[in-house]
Amino acid sequence: MRVLGVDPGLTRCGLGVVDGGKGRVVRAVAVGVVRTPAEDDLAHRLLGIADEVEVWLDRYRPEAIAVERVFAQHNVRTAMGTAQAGGVVALAAARRGLPVVFHTPSEVKAAVTGSGRADKAQVTGMVMRLLNLEVKPHPADAADALALAICHLWREPMRVRLAEAEARAAELARAHKAKLAAAAKQAGAATRTPVRRAVRRTPSKLDDTGAPR
């Protein structure tokens, strides 16, 4: 599977394409950063990101998109810009029918380094080791994009299997509930069926002639 990892941002939007092989084998295909001038208005900055993402989608043909999930930050303006950039990427993917999955920073760190509290230097170091890179991806947004792609390649198969197992369990639960409901309905119908009792007729008293009185 080929995954495009995206570390969204208005000033710098990291992009990284990674191929996944058997087991946990991963290979870097491309990495880069989309930059937009801070003096430009928001609409044109988002347009610049969207145009570059379209180029990457055409060039590398990923099968899935992994985007970092935005959490509340002290700087509301930065958080909003990051979310808007991520939304532009999701829209471009949706137009092509590509699945988009949002991963939290802690999920990415845990997948790549084994610790959800790893710092950026540790993430970059592990990305270089896993992908056999001789040159450190720069800036950190580029390394984060590669880490997102790796995280998706390693976590998504497990997530799919868990979702399938949950769906099967839910279906079995519904079937069992339906059987219980049918059994209860049948038992209720049986208790409501009237029982016919034999009517004992009291013989009439006869007079001396044998005719009933």
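In case you missed it, the structure is sitting above this.
Because the structure is predicted, anything quoted here is derived from the model rather than measured.

Visitor: Summarise the environment of Val127; cite the residues concerned and give the values.
Guide: Residue position: Val127 is located in helix 4 (residues 120–131). Using a relative accessible area of 0% as the deciding quantity, one classes Val127 as buried. When the C-alpha atoms of Val127 and Pro137 are compared, they prove to be 8.9 Å apart, with ten residues separating the residues in sequence. Contacts of Val127, omitting those with residues within four sequence positions, involve Val112, Leu133, Ala143, Leu146 and Ala147.

Visitor: Could you give an account of the pattern of salt bridges, with specific residues and numbers?
Guide: Between side chains of opposite charge, a pair can form as their charged atoms come close. Inspection of every chain in the model, using the stated rule, returns eight salt bridges. The partner of Asp19 in a salt bridge is Arg2, with the nearest N and O atoms 2.7 Å apart. Residue Asp19 is found in strand 2 (residues 12–20), and its partner Arg2 is found in strand 1 (residues 2–7); the two are separated by 17 residues along the sequence. Given the relative accessible area of 14%, Asp19 is considered buried. Measuring nitrogen to oxygen at the nearest pair gives 2.7 Å for the salt bridge that ties Asp144 to Lys120. Here the residue Asp144 occupies a position in helix 5 (residues 140–192), and Lys120 occupies one in helix 4, the gap between them amounting to 24 residues. A relative accessible area of 9% means that Asp144 is categorised as buried. For Lys120, a relative accessible area of 52% gives the class exposed. Beyond isolated ion pairs, a larger network of salt bridges with shared partners links Arg2, Asp19 and Arg27.

Visitor: I'd like to hear about the packing of aromatic side chains, residue by residue, with values.
Guide: All told, the structure shown has one aromatic pair when counted by the stated rule. On the basis of an interplanar angle of 55° and a centroid distance of 5.2 Å, the ring pair of Trp56 and Tyr60 is categorised as tilted. Of this pair, Trp56 and Tyr60 both sit in helix 1 (residues 42–60), four residues apart, which is roughly one turn of that helix. Lying across the ring of Trp154, Arg24 places its NZ or CZ 3.6 Å from the centre.

Visitor: So what's going on with unusual backbone geometry? Which residues, and what values?
Guide: Omega for the bond connecting His138 with Pro139 falls within 30 degrees of zero, at 0°, which places this linkage in the cis form. Among the structural elements, Pro139 can be located in the loop between helix 4 and helix 5. In this model, Arg61 sits at a positive phi of 50°, which is unusual for a non-glycine residue. With respect to the element layout, Arg61 can be found in the loop between helix 1 and strand 4 (64–68). Look at Arg61 and you get exposed, because its relative accessible area is 58%. Residue Asn132 is not a glycine yet carries a positive backbone phi of 55°. Following the sequence through the fold, Asn132 ends up in the loop between helix 4 and helix 5.

About the criteria used
Residues numbered from 1 in each chain as written. Predicted model: local features only at pLDDT ≥ 70, side-chain atom pairs only at ≥ 80, totals over all residues. Heavy atoms only, no water. Helix = DSSP H or I, 4+ residues; strand = E, 2+ residues; numbered from the N terminus. Buried < 20%, exposed > 50% of the residue type's maximum accessible area, 1.4 Å probe, protein only. Contact = heavy atoms within 4.5 Å. Salt bridge = Lys/Arg side-chain N within 4 Å of Asp/Glu carboxyl O. Phe/Tyr/Trp six-rings, centres within 6.5 Å; stacked < 30°, edge-to-face > 60°. Lys NZ or Arg CZ within 6 Å of the ring centre and 35° of its normal.

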